[in-house]
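As a plain string of letters, each chain reads:
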Amino acid sequence: MARYIGPVCRLCRREGEKLFLKGEKCAKNSCPVSKRPTAPGQHGTSRKKLSEYGQMLREKQKTKRIYGVLEGQFRKYFKIADNTPGITGENLLRQLEIRLDNVVFRMGLGRSRTEARQVVRHNLITVNGKKVNIPSYQVRVGDVIQVRDNARSLDRFKEILAVTDRRAVPEWLTADYEQLKGVINAIPTRDQIATDVRETLIVEFYSNRL
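These notes cover the structure that comes with them.

Conventions used here
Residues numbered from 1 in each chain as written. Predicted model: local features only at pLDDT ≥ 70, side-chain atom pairs only at ≥ 80, totals over all residues. Heavy atoms only, no water. Phe/Tyr/Trp six-rings, centres within 6.5 Å; stacked < 30°, edge-to-face > 60°. Helix = DSSP H or I, 4+ residues; strand = E, 2+ residues; numbered from the N terminus. Buried < 20%, exposed > 50% of the residue type's maximum accessible area, 1.4 Å probe, protein only. Pairing = 2+ DSSP bridges.

For the rest of this paragraph, the subject is the packing of aromatic side chains. Within this structure, the stated rule accounts for four aromatic pairs. On the basis of an interplanar angle of 40 degrees and a centroid distance of 6.1 Å, the ring pair of Phe 74 and Tyr 206 is categorised as tilted. Taken together, the positions of Phe 74 in helix 4 (residues 71-82) and Tyr 206 in helix 9 (residues 199-207) put the pair 132 residues apart, joining distant regions of the chain. Taking relative accessible area as the criterion, Phe 74 reaches 0% and is therefore assigned buried. Each ring, one from Phe 205 and one from Tyr 206, has its centre 5.2 Å from the other, and the planes form 85 degrees; the classification is edge-to-face. For the pair formed by Phe 205 and Tyr 206, the shared burial category is buried. One aromatic cluster is present, formed by Tyr 53, Phe 74, Phe 78, Phe 205 and Tyr 206 through successive ring pairs.

Given below as structure tokens:
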């Protein structure tokens, strides 16, 4: 699958805020967004007031970048959310939250979602005892997500936990750092999704375009 391989700090600068795409580096003063808050490119120093369409577009782009999802897959998530009973915007965020790579990140087994995606792709994670290496895998209530037995002693996880052991774990998820596993207690509600996005703008963006 295609993926963005360019400098991710440019993505944060483009959105005008920290998206925390590089883990602990984003919290340091050396973060490029702190040093250069302007948008990338020749004309980045002059941020113009966004039109209504521009605001919707930027919110959609920001959400895609936070969760590391490309346009085609994001559009599919929206179509599913739109056809699911309930509030479309909240349905969309739930689908993004219960992706396996995001769950691994929320558990603290990745300093960033990018690293969590690598952990999944490298065959280091099991779901209910079975190896799963698909980052977009949708977890369900009761699923047990755990680092494979022969990978728990890796220095990689010791280094990760040294950074993430104080990270707050959302209420819908239980994390056990000694066993390097987590349990899905419930599908998250909007109040339990700690992502600063205005999903109503995304709904408005797609409503007239799909």
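Bridging between strand 4 (residues 173-176) and strand 5 (residues 181-184) involves four bridges; their strand directions are antiparallel. Counterpart to Asp 176 in the pairing with strand 5 is Lys 181. The hairpin turn running from strand 4 into strand 5, its antiparallel successor, is four residues long, and Leu 180 in that turn takes a positive phi close to 55 degrees.

Here we take up the pairing of strand 3 (residues 144-147). The pairing of strand 1 (residues 125-127) with strand 3 spans three bridges and is antiparallel. Each residue of the ladder has a partner; that of Thr 126, found in strand 3, is Gln 146. Relative to strand 5, strand 3 runs antiparallel, the two being bridged by three bridges. Note on strand 5: the bridge partner recorded for Ile 145 is Gly 182.

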